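# Structural features, examined
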Amino acid sequence: MTQPEPQSAQFAISDRSRQFRRAFFPSASAEDWCDWRWQLRHRLRKAGDLAGIFELSPDEHQALTRPGCVFPVSITPYYASLLDRSDPLSALRRTMLPVPEELVASHGEMSDPLAEDRHSPVPGIVHRYPDRVLFLVTDSCPVYCRYCTRSRLVGGKAEFDINLEQWRRGIDYIAATGSVRDVLVSGGDPLIYSDERLDWLLQRLHAIPHLDMIRIGTKIPLVMPQRLTPALCEMLRRYHPLYVSLHVTHPDELTPESAQACERLADAGIPIGSQTVLLKGVNDDPDIVRRLMHELLKIRVRPYYLLQCDPITGSAHFRTRVDRGVEIIAQLRGHTSGYAVPHFIVDTPDGGGKFSLVPDHIDGRDGDDLLITNYEGRTGFRYPDPVG
Ligand SMILES: *Cc1c(COP(=O)(O)O)cnc(C)c1O
Ligand code: SF4
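Here's a quick rundown of the structure. Predicted model only: the values in this text are computed from it and were never measured. (Residues numbered from 1 in each chain as written. Chains lettered and ligands numbered in written order. Predicted model: local features only at pLDDT ≥ 70, side-chain atom pairs only at ≥ 80, totals over all residues. Heavy atoms only, no water.)

Further remarks concern the site of ligand 2. Contacts to ligand 2 come from Cys141, Val143, Tyr144, Cys145, Cys148, Gly188, Lys219 and His247. Broken down by class, the residue content of the shell around ligand 2 amounts to 5 nonpolar, 2 polar and 1 charged. (Near = heavy atom within 4 Å. Nonpolar A, V, L, I, M, F, W, Y, C, P; charged D, E, K, R; others polar.)

Structure, rendered in structure tokens:
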């Protein structure tokens, strides 16, 4: 093994983020920029911070300055460097800057569309499926996605506080529930915690004999890649089999920095799967999804789920029709590597759970044959599938 240089010195800085730092954080050194705690401390949260960087549209300005309790805004300087500064309709910017439509409740929308609170045996645990649980260990994220399914929970006042009592109860629940073989540690974003805290948590989960695997759901490799320090990855690799589910939205997120973060995870032996929420005007286009999936494979992230946007209150401007996801999958399957094709998943409101939608290739039956349309839309293929 090579002796690591001081961490920050060896972290990638793209030209784009270097120019951004010089323009908007002129007093920050390259070392500051590569320090994830500096990134956290300098998050852009207020209309004034944002107006200094982005040409705010009247809608964005109005949404940022309206009074009252609203889902907070937060963008790390690094992630801000990826957003278009003048076009309010550009993909990543739409996912970060609020607009007044967020306050409009449309048909069927709810603050807890998946009825997670109802399937929660102890605070922080959602136990919906027989053999796996979701363990929500934080309500904080370095950035807040406007379409977040858990906007009812995240971004609370007690940002980054740790509720150890709640963690203990969650761990105790999993330890006492022998049917659970898979725990998905999520939030919020679990990787906002210090290495020591995460180590504490993973050690306890890892020690539960009936747990076969641990997953961590995170967006941090894309929004604050500097968090993926060699020390963190060294710690994580002690808890195999450990998987990471990477919440990725758009190819603009794939930069030298995020590639380095994913590479460090992959080099620590951690399989990374992707989860992408399909969003209108952001990524609801077969070419964008294909490009995203190809770029992910290049940095050793395996496409896992393409997710229909949940009907969270104020999400109508983000939601596509369910057919759109199926069409996108139809334009991938057969046309590109199977590894590049995620499952298209809809999560049923009211806690029914996820289901997967696939393009229909079966046209019917002719006696003992199935009649099939192939991936190119050519009909008349047959598969022998005797009825008797
Ligand atoms: C999505 C989800 C999981 C994990 O589902 P997989 O299909 O196994 O990835 C587990 N618990 C809850 C409550 C979920 O919403
Ligand atoms: S990173 Fe995940 S939990 Fe955090 S705001 Fe975005 S969608 Fe919500």
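Scanning the model with the defined rule gives 11 aromatic pairs in all. Between the aromatic rings of Tyr147 and Phe318, the centroid separation amounts to 5.8 Å while the plane-to-plane angle is 80°, which identifies the pairing as edge-to-face. Separated by 171 residues along the polypeptide, Tyr147 in the loop between strand 2 (132-136) and helix 8 (164-176) and Phe318 in the loop between strand 7 (301-308) and helix 14 (322-330) bring together distant segments of the chain. Note on accessibility: Tyr147 and Phe318 belong to one class, buried. An aromatic cluster is present here, built from Phe20, Phe24, Phe25, Trp33 and Trp38 joined pairwise through their rings. The positively charged end of Arg132 is found above the aromatic ring belonging to Tyr129, 4.3 Å away from the centroid. Sitting over the face of the ring of Trp36, Arg227 holds its NZ or CZ atom 4.2 Å from the ring centroid. (Phe/Tyr/Trp six-rings, centres within 6.5 Å; stacked < 30°, edge-to-face > 60°. Helix = DSSP H or I, 4+ residues; strand = E, 2+ residues; numbered from the N terminus. Buried < 20%, exposed > 50% of the residue type's maximum accessible area, 1.4 Å probe, protein only. Lys NZ or Arg CZ within 6 Å of the ring centre and 35° of its normal.)

Okay, a negative patch on the surface next. Negative charge collects at one region of the surface, where Glu55, Asp84, Asp87 and Asp252 lie side by side. For Asp252, a relative accessible area of 39% corresponds to the partly exposed category. (Patch = residues over 30% accessible without salt bridge, like charges linked within 9 Å, V, L, I, M, F, W, Y side chains within 5 Å. Areas by Shrake-Rupley, 256 points an atom, 1.4 Å probe, with all protein chains shown as cover. Salt bridge = Lys/Arg side-chain N within 4 Å of Asp/Glu carboxyl O. Lys, Arg positive; Asp, Glu negative; His and termini not counted. Charge placed at Lys NZ, Arg CZ, Asp CG, Glu CD.)

Attention shifts here to the nonpolar core. Tyr79, Ile174 and Leu205 are the most contacted members of the largest nonpolar core, which totals 101 residues. With 5 residues, helix 9 (residues 195-206) is the single largest residue contributor to this core. Three or more residues apiece are contributed to this core by two domains, here domain 1 (15-103) and domain 2 (117-357). Among the nonpolar cores identified, the runner-up in size contains 5 residues, and Phe71, Cys141, Tyr144 and Val154 belong to it. (Core = buried A, V, L, I, M, F, W, Y, C linked by side-chain atoms within 4.5 Å. Domains from an automatic or database assignment.)

A word on the pairing of strand 6 (residues 272-278). Counted residue by residue, strand 6 has 6 buried out of 7 residues, so it is predominantly covered. Of the strand pairs in this sheet, strand 6 and strand 7 are connected by 7 bridges, and their pairing is parallel. From the neighbouring strand, Leu278 faces strand 7, where its bridge partner is Gln308. At this point the chain moves from strand 6, through helix 13 (residues 286-298), to the parallel strand 7, and the crossover so formed is right-handed. (Pairing = 2+ DSSP bridges. Right-handed = clockwise from strand over helix to strand, strands pointing away.)

Contacts to ligand 1 come from Val126, Arg128, Tyr129, Arg132, Leu134, Leu184, Arg215, Tyr304, Tyr305 and Lys354. Between ligand 1 and Arg132, the relevant distance is 2.7 Å, taken from an oxygen atom to a side-chain nitrogen or oxygen of the residue. Between an oxygen atom of ligand 1 and a side-chain N or O atom of Lys354, the distance comes to 3.0 Å. Considering ligand 1 on its own, with 390 Å² of exposed area, one finds that the protein chains cover 90% of that surface. Taken together, the elements giving at least two residues each to the shell around ligand 1 come down to strand 1 (125-129), strand 2 and strand 7. Top contributing element to the shell around ligand 1 by residue count: strand 1, with 3 residues. (Polar contact = N/O pair within 3.5 Å; in protein donor to acceptor, adjacent residues only side chain to side chain.)

This part covers the sheet that holds strand 12 (residues 381-384). Pairing between sheet strands relies on hydrogen bonds along the backbone, with the strands arranged either parallel or antiparallel. Read across the open sheet, the 3 strands follow the order 10-11-12; overall the sheet is antiparallel. The sheet is open, and its two borders are formed by strand 10 (362-366) and strand 12, each paired with just one other strand. The average undirected angle you get between the axes of adjacent strands in this sheet is 30°. Sheet topology places strand 11 (residues 369-372) next to strand 12; 4 bridges connect them, and they run antiparallel. Its bridge partner lying in strand 12, Leu370 is registered against Tyr383. (Axes fitted to C-alpha atoms, helices over the stretch in contact; angles between N-to-C directions.)

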